[in-house]
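# Structural characterization, general
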Number of protein chains: 2
Amino acid sequence: MGKKIVIIGGVAAGPKSACRVKRLLPDAEVTIIDQDSLISYGGCGIPYFVSGDVSDEKELRNTSFHMTRDEAFFLKAKGVTVRARTLALSINRQEKFVLVEDLTSGAQESVPYDNLVLATGARPNILPIAGADLDGVFTISDLHKAMAIKDRIARGEVGRAVIIGGGAIGIEMAEAFTDLWGIETTIIEFMPQVLPRLVDWDFARMLETHLRESGVTVLTGEGASSIEGEDGKICRVVTPKRTIEADLVVMAAGVQARSELAQAAGLLVSALGNIVVNERLQTSDPDIYAAGDCIEVKNIITGKGGIAPMGSLANREGRIVGDNIAGIPTRYKGWIGSFIMKAFEHSIAATGLSLDAALAEGFAAAAATTAQSDRAHFFPSQAVIPLRLIFDLKTRKVLGAQGFGPMNDAVLARIDAAAAIIGQGGTIDDLSQLEMAYAPPFATALDALNATANVADNLAAGRLRYVSTKEFLNWMEDFTSQPDWVALDLRHPNEAKSFVAQCGKDKWLSLPYIEIRERHQELPENKTLLIICDAGTRSSEIQIFLDHVGLVNNLVLGGGFNLIRRMGVDWWPK
Amino acid sequence: MGKKIVIIGGVAAGPKSACRVKRLLPDAEVTIIDQDSLISYGGCGIPYFVSGDVSDEKELRNTSFHMTRDEAFFLKAKGVTVRARTLALSINRQEKFVLVEDLTSGAQESVPYDNLVLATGARPNILPIAGADLDGVFTISDLHKAMAIKDRIARGEVGRAVIIGGGAIGIEMAEAFTDLWGIETTIIEFMPQVLPRLVDWDFARMLETHLRESGVTVLTGEGASSIEGEDGKICRVVTPKRTIEADLVVMAAGVQARSELAQAAGLLVSALGNIVVNERLQTSDPDIYAAGDCIEVKNIITGKGGIAPMGSLANREGRIVGDNIAGIPTRYKGWIGSFIMKAFEHSIAATGLSLDAALAEGFAAAAATTAQSDRAHFFPSQAVIPLRLIFDLKTRKVLGAQGFGPMNDAVLARIDAAAAIIGQGGTIDDLSQLEMAYAPPFATALDALNATANVADNLAAGRLRYVSTKEFLNWMEDFTSQPDWVALDLRHPNEAKSFVAQCGKDKWLSLPYIEIRERHQELPENKTLLIICDAGTRSSEIQIFLDHVGLVNNLVLGGGFNLIRRMGVDWWPK
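The numbering scheme is per chain: residues are counted from 1 as the chain's sequence reads. The lettering of chains begins at A and the numbering of ligands begins at 1, in the order of writing. Only residues with pLDDT of at least 70 are given local features in this predicted model, and only at 80 or more are side-chain atom pairs given and counted; all residues enter the totals for whole chains, interfaces and linings.

### A closer look at the overall build of chain A
- The helix and strand tally for chain A stands at 18 helices and 30 strands.
- Radius of gyration here is computed from C-alpha atoms only, and the compact-globule reference equals 2.2 Å multiplied by the residue count raised to the power 0.38. A globule of 574 residues ought to have a C-alpha radius of gyration of about 25 Å, and chain A, at 27 Å, matches this closely.
- Its C-alpha atoms give chain A principal-axis dimensions of about 90 × 55 × 45 Å.
- Residues with at least 20 neighbouring C-beta atoms inside 10 Å of their own are called buried, those with 12 or fewer are called exposed, and the rest are partly exposed, where every C-beta is derived from the backbone. Out of the 574 residues belonging to chain A, those deemed buried represent 57%.
- The contact criterion used is a C-beta to C-beta distance within 7 Å, with each C-beta placed from the backbone. Sequence separation of 24 or more characterises 65% of the internal contacts of chain A that already satisfy a separation of 6 or more. Secondary structure elements are defined from DSSP: runs of H or I of at least 4 residues count as helices, runs of E of at least 2 residues count as strands, and each element is numbered from the N terminus.

Okay, here's the thing in structure tokens:
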């Protein structure tokens, strides 16, 4: 027989590397060790299992051809041995074996290896607050917990749920609870926005508004102080501001690499606890590889290492480990951070760095925001998709992209295309000329993503000056914050009139786009004009014209009212 | 006043360059000249206007904010003068003026320019056959013709239509005729497949099958010999094989650049009749630019020039002309050939070169074909999307991509991402690691496009050997063509049994994927095994295993029966 390959971890990166290496080295003896009884499942599908979209947990463990990926399947179909319910206790690197314990019999055994793969994954963070151990407090870490949650709901025991953490998993679980089961659900997010670090504030706000419209209570800037129960069972969650009744709590507050085994074996582990690997995904011991949620992955844009707990990356990394063990020298370029999620009737996606993250990393970062149609404006199913590009003003490199739209693949298409450009180190010029496929049912002649790159080009060249959404909303809340500002509303007077009525003619001017060239003399010279339209396109055009006629004190609201409307604001006139 | 900019052509590239240059040089005097009375419309929307999806022709001329882009709009909103119904007769390059004729009054006039832009577009080819001038024979060249067609249909004068040309416009018109109006429609394509040159034979075949299922008669490899009429009105179309009754004929047999004006002015024009431009889109006279369907565009992949008549490119090129006239040095990289189209309930898209085109260009080209799910297989709305990558076996560069799927944006997302990689000169390794956004409602953990790149990697490394779809189908038609071939069907025996019954046990072996490792001794050693599954994935895996056990005489059917089923074949067992 050939090489002995032992893989610790049987969810995503582990099985992938096992199958790849077995295909490349059919002689190899490949063994997967996992402490769980259930292996090789689509963990990202858990919210859809809980919601009922996926009726049976087995579907998450099935192949696309409807076979369940259990021990028998791996052995018969793949020639890979799976030892489930088997705990890896330690690694002996000198003698090259893993000491394991059979969790059923308690027997211990040494499993020898030529190459070892650590695919130990990550564990959900448990907040250090009182009550975190109460019955009814769950994390979304494996299928057993998912089944337990669904059982409780199905038994009618859950009328109210609190989700601690407004990341993707928390939001997906909120939808699962609310949409099918009608559970009164609250998301608590400690940071000032949901999806912190993933998207900028205004994109998060569009999502929060949609979550609220869909019946979810969203509390941001508010952490859970404690969880209270009676008779050991959860009853309520306490924050500094309120107490929320709850029959069930999901803690979805990030994850932490499982690297204790690596650490104990003396392998290099980062300060944050991730297993350090090289581009071939070798740990500091070249015979030991690591992949998936447990490793430190280099961000291609920043060059820095960090945790990247994504099922998509785990699969890619598993394949690369398989290649390298089999003698095919494959390098992992790193990650950029593409993500997408469904939230009720909408989708939100991003890739690369958010504006805040890019600024924090020291980039000369700026953001171009549009809110244009996903397809030809005359095509019946068209919808507005706000898009944002983050880019470097000096190098013109694209650093990130964000999108928000209806629940279809329109945003996916733009984010995937932007991810390709970012991954290749491309510039806003590359994105401007990116030849996206066009026909009226699918796109606009100049795709919304190309148009956003063109806006970035105008910003980088100083041909466009923005007021940020945040500054604009602050001013709308309190005109005295910027006493010299005046809105110049280019939309049809019918659209503008309620704003004029509410804000007063001295703060809100209605002058339609089509009439500006004839009537610009009516505009005040001693004010800062905030130019507003629906998508931001007309505003940009009018800014240049106003500059030309000497009214240079003006700023454009990028994405215009299409963006503001989706963010939903209290002062919105009826 | 500033520079005088004259633009000949008012549909797409012309207005775009006019508006861009006016924004960059607000002082410029910008004039658009067009012989038509209708300008600046979405020509690609014509099929949707004819179908009735777009009810009013005005919608094709409107902005996204519902204003009609007519002469008054351009003047008031953009500061651009439009001279509609004005024919450009000649260009005087020495004295820098255009001689024009007002088609209403007949008056002639010289219009001076500092910079001239030729955006004269293309005209549809009129086949040199008898009857091409009969009443009822149309081309899809402008809004007037579209309105005339719709009028005839609305008056109930069209029961049967023939479309000459199976390109994108022809197929879109066939849908328009059939779907809403119930017109008995026949497409005649001279080449052996629809969408010739754009997609490979098997992808075209999937589309043809869907068109037929949707009620369109599709005749390939068959040209129109003549059109016959009575009293000057069209009655039938004659091909070498049959006569087809018709009340209306659409000629959609490609286009030809309108370059007579440029040619008469002594500007460089290619052998095919396209205006030659440099990377700044200047013609051989540096004061004269050209953009849109009339120019020769460099294909980024082949480096060769050709016509690229796409609304999306016209808009891009118009912007670049505007930049360069305004002193912003912008270079046009060229095109790669991205396209997408709706056909009833499906979409088909491609970018870059087809396999045939790549081979014809001398590339060491090969194709990887998959037919996997667009989203997680457990997600309710998942569907199979056949994908193909064309790549160079030596350089590993991606040369092209094709996709076929349901009528949503799933195929768009993959083709746009592939277009980004191709445009950046990327390899199959770049595509394999392209970080596409993942969540179960949108993609699979390893996206179908990444998976196709991995198949390409296996092919390039010689780890995978294919039988082509064509060879497979030929053999299925006539086993004696390859007497040593035997199908090895890995699918569930229930799926395989009708094939075994029809083809005989000596030609069609049913041995399920899961049992191969145990039962491979049953396989014949002196035959070529054609390994078949649904998506091609299991087949690839089993090929490696069979090689390992010494049964090296075997080939995989890429894309498997998911592809064959969509192509639709006569011998399909009931």
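### Some remarks on the interface of chain B and chain A
- Contacts between the two partners involve 76 residues from chain B, matched on the other side by 76 residues from chain A.
- Mapped onto the side of chain B that touches chain A, the elements with two or more residues apiece are α3 (57-61), α4 (71-78), α9 (311-325), β21 (339-343), β22 (346-352), α11 (410-423), α12 (428-433) and α17 (537-548) of chain B.
- For the side of chain B that touches chain A, the leading source of residues is α11(B), giving 10 residues.

### Topic: the nonpolar core
- We define the nonpolar core as any set of buried residues of the types Ala, Val, Leu, Ile, Met, Phe, Trp, Tyr and Cys, connected via C-beta atoms lying within 7 Å of each other. If you look at the biggest cluster of nonpolar residues, it comprises 403 residues, and the most contacted ones within it are Val249(A) and Val249(B).
- Leaving out residues up to four positions away in the same chain, Val249(B) has contacts with Gly136(B), Val137(B), Phe138(B), Val162(B), Ile164(B), Ile227(B), Ile234(B) and Val237(B).

### Topic: the relation of the copies chain B and chain A
- Between the two copies, chain B and chain A, the superposition gives an RMSD of 0.0 Å; the rotation angle is 180° and the shift along the axis is 0.0 Å. Classification of the inter-copy transformation places it as that of a two-fold axis.
- Comparing interface residues between copies, 100% of those in chain B also sit at the interface in chain A, which points to an isologous, same-surface contact. The copies were overlaid by least squares, fitting only the C-alpha atoms of residues that reach a pLDDT of 70 or more in each copy.

### Here we look at the domain arrangement of chain A
Residues and elements named next belong to chain A.
- In terms of domain boundaries, chain A breaks down into domain 1 (4-122 + 256-325), domain 2 (137-253), domain 3 (339-460) and domain 4 (466-567).
- These domain boundaries are the output of an automatic or database domain assignment. For domain 3 versus domain 4, the separation of C-alpha centres amounts to 24 Å.
- Taken together, the 10 residues of domain 3 in the interface contact 9 residues of domain 4.
- Secondary structure elements with two or more residues in the side of domain 3 that touches domain 4: β23 (365-373), β24 (384-392) and α13 (448-460).
- For the side of domain 3 that touches domain 4, the element with the highest residue contribution is β23, accounting for 5 residues.

### Some words on the sheet that holds strand β14 (residues 233-238) of chain A
All names here are of chain A.
- The pairing criterion is simple: DSSP has to find at least two bridges between the two strands. Read across the open sheet, the 3 strands follow the order β13-β14-β15; overall the sheet is antiparallel. The sheet is open, and its two borders are formed by β13 (226-230) and β15 (243-245), each paired with just one other strand. Shown here is a sheet whose adjacent strand axes are inclined to one another by a mean of 35°, direction ignored. Comment: axis = line fitted to C-alpha atoms, over the contacting stretch for helices; angle = value between 0 and 180 degrees taken between N-to-C directions.

### Thoughts on helix α18 (residues 560-567) of chain B
- With 6 of 8 residues buried, α18(B) is to be regarded as a mostly interior element.
- For α18(B), the set of buried residues is Gly560(B), Phe561(B), Leu563(B), Ile564(B), Arg566(B) and Met567(B).

### Topic: the pairing of strand β27 (residues 485-489) of chain B
Residues and elements named next belong to chain B.
- Judged by how many residues are buried, β27 sits mostly within the fold: 4 of 5 residues are covered.
- Note that β27 and strand β29 (residues 528-532) share 5 bridges and pair parallel. Directly across from Trp 485, in β29, lies its bridge partner Thr 528.
- With 3 bridges connecting them, β27 and strand β28 (residues 508-510) associate as parallel partners.

### Some words on helix α9 (residues 311-325) of chain A
All names here are of chain A.
- In a helix, the anticipated span is given by 1.5 Å times the number of residues less one. With 15 residues, α9 extends 21 Å between its outermost C-alpha atoms, agreeing within 8% with the 21 Å of an ideal straight helix rising 1.5 Å per residue.
- In terms of burial, α9 is largely enclosed, as 15 of its 15 residues are buried.
- Remark: Gly 327 follows α9 within two positions and exhibits a positive phi of approximately 90°.

### Some points on unusual backbone geometry
All names here are of chain B.
- Phi at His 66 takes a positive value of approximately 65°, unusual for a residue other than glycine.
- Secondary-structure assignment places His 66 in the loop between α3 and α4.
- Residue His 66 is classed as exposed on the basis of its C-beta count, with 10 C-beta atoms lying within 10 Å.
- At Arg 85, a residue that is not glycine, the phi angle is positive and equals roughly 45°.
- Its location among the elements puts Arg 85 in the loop between β3 (81-83) and β4 (86-92).

### Description of the packing of helix α7 (residues 201-213) of chain B against α18(B)
All names here are of chain B.
- Contact pair α7 / α18: the axes reach a minimum separation of 7 Å and the direction vectors enclose 50°. With respect to α18, the axis of α7 lies oblique. Touching Asp 202, Arg 205, Met 206 and Thr 209 of α7 are Leu 563, Arg 566 and Met 567, all from α18.
- When residue character is reported, Ala, Val, Leu, Ile, Met, Phe, Trp, Tyr, Cys and Pro are called nonpolar, Asp, Glu, Lys and Arg charged, and the others, Gly included, polar. Residue classes in the contact of α7 with α18 are distributed as 3 nonpolar, 1 polar and 3 charged. Any angle from 65 to 115 degrees is called roughly perpendicular, while one under 35 is roughly parallel, one over 145 is roughly antiparallel, and all others are oblique.

### Describing the pairing of strand β12 (residues 217-220) of chain B
All names here are of chain B.
- The pairing of strand β11 (residues 184-189) with β12 spans 4 bridges and is classified as parallel. Pairing of Thr 186 across the sheet is with Thr 217, part of β12.
- In terms of handedness, the path from β11 via α7 over to β12 forms a crossover that is right-handed. For the handedness criterion, the strands are oriented away from the viewer, and a crossover whose path from the first strand over the helix to the second runs clockwise is classed as right-handed.

### Re the sheet that holds β23(A)
Residue and element names in this part refer to chain A.
- Read across the sheet, 5 strands follow the order β21-β22-β25-β24-β23 without closing on themselves; strand pairing throughout is antiparallel. Across the chains shown, the open sheet's two edge strands, defined by having one partner strand only, are β21 (339-343) and β23. For this sheet, the mean inter-axis angle between neighbouring strands, taken without regard to orientation, is 10°.
- The pairing of strand β22 (residues 346-352) with strand β25 (residues 398-406) spans 7 bridges and is classified as antiparallel. Bridging across to β25, Ser 347 finds its partner in Gly 405.
- Sheet contacts for helix α7 (residues 201-213): β21, β22, β24 and β25; angle to β25, the most-contacted strand, approximately 20°.

### Some thoughts on the environment of Gln433(B)
Residues and elements named next belong to chain B.
- Tracing the backbone shows Gln 433 in helix α12.
- The buried category is assigned to Gln 433, around which 23 C-beta atoms lie within 10 Å.
- Expressed as a C-alpha distance, the spacing of Gln 433 and Ala 246, which sit 187 residues apart in the sequence, is 52 Å.

### Focus: the environment of Arg538(B)
- Structurally, Arg538(B) can be placed in helix α17.
- Along the primary structure Arg538(B) and Val556(B) are separated by 18 residues, whereas in three dimensions their C-alpha atoms are 9.5 Å apart.

### A look at the environment of Gly405(B)
All names here are of chain B.
- By the secondary structure assignment, Gly 405 is in strand β25 (residues 398-406).
- Considered as a pair, Gly 405 and Ile 348 are 57 residues apart in the sequence and their alpha carbons are 6.5 Å apart.
- Beyond its immediate stretch of four places on either side in the chain, Gly 405 contacts His 346, Ser 347, Asp 374, Ala 383, Ile 385, Ala 410 and Val 411.

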